[in-house]
Amino acid sequence: MEILKTLSRRIIMSCLVGVAFFTTFQTISGVSASGIQDWMYQKMSESTKDTEINIAKHMTYKKTSFSRRSLPSYQTNELSMSYEVVESNPLPLEEAVDWTKYPSNKVVATGYTAGFESTGKRPDHPSYGITYSGVQVRRDLYSTIAADPTVYPIGSVLFIPGYGYGVVADTGSAIKGNRIDLYYESVRDVYDKWGKQELEVFLVRKGEGRISEEEFMALNEAEAVQVFREQLID
């Protein structure tokens, strides 16, 4: 019986303290008892919203940080012009690049065709127009040229002033040492556009002994060099 009386007194005291707290709070703040519940709910909602915003910011930061780490660092391909050069400085190819940064060599350059006069093959020959490397001859932004593979291995990329980019894809019995042969589509083009010249050429990339049609296609389709197409292919 005594225990029940003690418990009842504690409950009554707790209720009186609660009433006194809410009465004091209402007197000071002017907020009704029913408004206290709304006020507490609002504060809890704001706290929850702030927490969600902070979590969202944190996740966005983590996602951005991860994305930046995941992107590979951009490296300019030496076999094609940079977009910055092309867009801001559309000069002739000879002037658009500082060619002095590449190894150079003085060579004697002549021209050749796929025809009988250069290769001894006629159009009905099964390997007509096929170079030593196996790729088709072409005059393009990157053209097939012949060289001594002990000087310029197959796949080497040269810049030849007045001609453009040449990729070593062919050889020739008379092409030894510092001699190169530049592909043209006709004998008239050889004589009218080139002939025989002694000049300095620049080694953009040394080959590894091979070149494929796919690689040639990729070089000639690179967007960054298309601005020079009219300069080199006329």
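Residues numbered from 1 in each chain as written. Predicted model: local features only at pLDDT ≥ 70, side-chain atom pairs only at ≥ 80, totals over all residues. Heavy atoms only, no water.

Chemist: Any details on the sheet that holds strand β1 (residues 104-112)? Residues and values, ideally.
Modeler: Pairing is mixed in the closed barrel, where six strands are placed in the order β1-β5-β2-β4-β3-β6. Averaged over all adjacent pairs, the angle separating strand axes in this sheet is 45°, with direction ignored. Taken together, the four bridges between strand β3 (residues 157-160) and strand β4 (residues 164-170) define a ladder with antiparallel strand orientation. Within β4, the position partnered with I160 by the bridge is G164. Contacts from helix α6 (residues 187-194) reach β1, β3, β5 (179-183) and β6 (196-205) within the one sheet, and its direction differs from that of β1 by about 140°. With respect to the sheet, helix α7 (residues 213-221) is in contact with β2 (142-147) and β4, its orientation differing from that of β2 by roughly 130°. (Pairing = 2+ DSSP bridges. Helix = DSSP H or I, 4+ residues; strand = E, 2+ residues; numbered from the N terminus. Axes fitted to C-alpha atoms, helices over the stretch in contact; angles between N-to-C directions. Contact = heavy atoms within 4.5 Å.)

Chemist: Give me the lowdown on the nonpolar core, citing residues and values where you can.
Modeler: Core analysis: the largest hydrophobic core is formed by 44 residues, its most contacted members being W99, Y142, Y152, I160, I180 and L182. If you tally residues by element for this core, the top one is β6, at five residues. Filtering out sequence-adjacent residues up to four positions away, I180 remains in contact with V107, V108, A109, T110, A146, A147, Y152, L158, I160, I175 and V201. (Core = buried A, V, L, I, M, F, W, Y, C linked by side-chain atoms within 4.5 Å. Buried < 20%, exposed > 50% of the residue type's maximum accessible area, 1.4 Å probe, protein only.)

Chemist: Describe the pattern of salt bridges, listing the residues and the values that go with them.
Modeler: Close approach of charged atoms allows side chains of opposite charge to pair. In total, this model carries four salt bridges according to the counting rule given. A salt bridge links R138 to E213; its shortest N-O distance comes to 2.6 Å. In this pair, R138 is assigned in the loop between α5 (116-119) and β2 and E213 in helix α7, connecting sequence segments 75 residues apart. Accessibility expressed as a relative area gives 26% for E213, which makes it partly exposed. Residue E215 pairs with R210 through a salt bridge whose shortest N-O separation is 3.4 Å. (Salt bridge = Lys/Arg side-chain N within 4 Å of Asp/Glu carboxyl O.)

Chemist: Now, about the pairing of β2: what can you tell me, with residues and values included?
Modeler: Buried residues dominate β2, accounting for six of its six residues. Burial along β2 is two-sided: the face carrying Y142, T144 and A146 and the face carrying S143, I145 and A147 are both buried. Pairing between β2 and β4: five bridges, direction parallel. Note on β4: the bridge partner recorded for A146 is D170. Relative to β5, β2 is paired through three bridges, and the arrangement is antiparallel. The residue bridging I145 from the neighbouring strand is L182, located in β5.

Chemist: Provide a residue-level description of α7, including the pertinent values.
Modeler: Where α7 is concerned, the buried positions are F216, L219 and N220. When α7 is viewed along its axis, its buried side chains cluster within an angular range of 90° and face the same direction. The exposed set on the far side of α7, more than 90 degrees from its buried face, consists of E214 and E221. (Arc of directions from axis to C-beta.)

Chemist: Outline the environment of G115, listing residues and values.
Modeler: Residue placement: G115 occurs in the loop between β1 and α5. In the structure, G115 is positioned 14 residues away from G129 in sequence and 7.8 Å away in space, judged by C-alpha atoms. Contacts of G115, omitting those with residues within four sequence positions, involve G120, K121 and Y128.

Chemist: Can you tell me about the pairing of β1, naming the residues and giving the values?
Modeler: Bridge count for β1 against β6 is seven bridges, and the pairing is antiparallel. Its bridge partner being in β6, V107 is matched across the sheet by L199. When β1 meets β5, the two strands line up parallel, connected through five bridges. Within the sheet, the bridge partner assigned to A109 lies in β5 and is I180.

Chemist: Now, about the packing of aromatic side chains: what can you tell me, with residues and values included?
Modeler: Within the structure shown, the criterion is met by nine aromatic pairs. Their ring planes at 10° and their centres at 4.4 Å tell us that Y142 and Y165 sit as a pair that is stacked. Within this pair, whereas Y142 is found in strand β2, its partner Y165 is found in strand β4, the two being separated by 23 residues in sequence. The same class applies to Y142 as to Y165, namely buried. The aromatic ring of F116 is capped on one face by R122, whose charged end is 4.1 Å from the ring centroid. Lying across the ring of F216, R138 places its NZ or CZ 4.6 Å from the centre. (Phe/Tyr/Trp six-rings, centres within 6.5 Å; stacked < 30°, edge-to-face > 60°. Lys NZ or Arg CZ within 6 Å of the ring centre and 35° of its normal.)

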